[in-house]
Amino acid sequence: VSTATCFTTTIHPRRVATATTTASGIISSQRRNDDLKLAPLSSRSASSLSASPIDNDGWESEEFVRSNLVRFLSTKYPEFFENILSQDDAVLEVLQENESVTVFCPKDLSSTVDAKQLQQIKDPRNLETVQKMAAYHVVADEAYPKTTLFREDWTVPKTEAGKPALSLKGVKTMGGNVAVGRSKSGGVLFGLIGAKEDGGVVIGPDAKIVQSFVVGKTSIVHEMDGLVIPQILWRYMDQLRLPGL
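The paragraphs below set out a description of the structure included in this document. None of the values given here were measured: they were computed from a predicted structure. (Residues numbered from 1 in each chain as written. Predicted model: local features only at pLDDT ≥ 70, side-chain atom pairs only at ≥ 80, totals over all residues. Heavy atoms only, no water.)

**Here we look at helix α7 (residues 115-122)**
Regarding α7, the residues found buried are Leu118, Gln120 and Ile121. Within α7, the buried residues cover an arc of 160° as seen down the axis, which keeps them to one side. Away from the buried face of α7 by more than 90 degrees, exposed residues Ala115, Lys116 and Gln119 are located. (Buried < 20%, exposed > 50% of the residue type's maximum accessible area, 1.4 Å probe, protein only. Helix = DSSP H or I, 4+ residues; strand = E, 2+ residues; numbered from the N terminus. Arc of directions from axis to C-beta.)

**Some words on helix α5 (residues 89-97)**
Residues of α5 that are buried include every one of Val91, Leu92, Val94 and Leu95, and no others. Seen from one end, α5 has its buried residues packed into an arc of 160°, which puts them on one side.

**Structural notes on the nonpolar core**
The tendency in soluble globular proteins is for nonpolar side chains to be buried side by side. In this structure, Leu73, Leu85 and Leu95 are the most contacted members of the largest nonpolar core, which totals 50 residues. With five residues, the top contributor of residues to this core is helix α8 (residues 127-136). Setting aside its immediate chain neighbours within four residues, leucine 85 contacts Leu73, Phe80, Val91, Leu92, Leu95, Val103, Cys105, Ala134 and Val138. (Core = buried A, V, L, I, M, F, W, Y, C linked by side-chain atoms within 4.5 Å. Contact = heavy atoms within 4.5 Å.)

In structure tokens form, the structure reads like this:
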């Protein structure tokens, strides 16, 4: 296997600065910064990066070595990883050490949120809320494939729209429960009135799975078209900001 120059995954300074307030925080941050000095994917053998489908509905998947979960996330979703996932020590520890993890990652953070929301995410004064955001995107101890999230329950009555109910109503993330439900389309006022189920599945308020990856043998990363957090989290942004600043 050829070797290549290592790169260092960026950890936003606001998290490191917060950790320096206690001796244990300093140790934790230094340890993680050392752990995150990772070799680029190109240094891996070609065979370990081969694509392989894991179900029969056309879901594309790609296998990576288990220890490369953080590398995969920081390489494929750098903006989301740097600005959200890496801001929480507990989330980082799970991504590096747990055997079976589910991660929901927006494809492109900048296009998922508006300019004001992106600025809020990057503001150090909103660190606690951002850490909560990170926690809502990670299931610490179970890998949920798309087939499980989309499984229908034909033993119960259908929904009002005549669609089969979903077997799984939600998943327990590190931040709390995240709903799994039917997507809706149509209606007026951005779908708030008169929208009807269209047969799709959403995670959280309205995020759909774009594609999914198996990382190693036991972890799964779902690429989403949005965040899976409760919308009420945005209300906690800028709570420490002085008026006019």
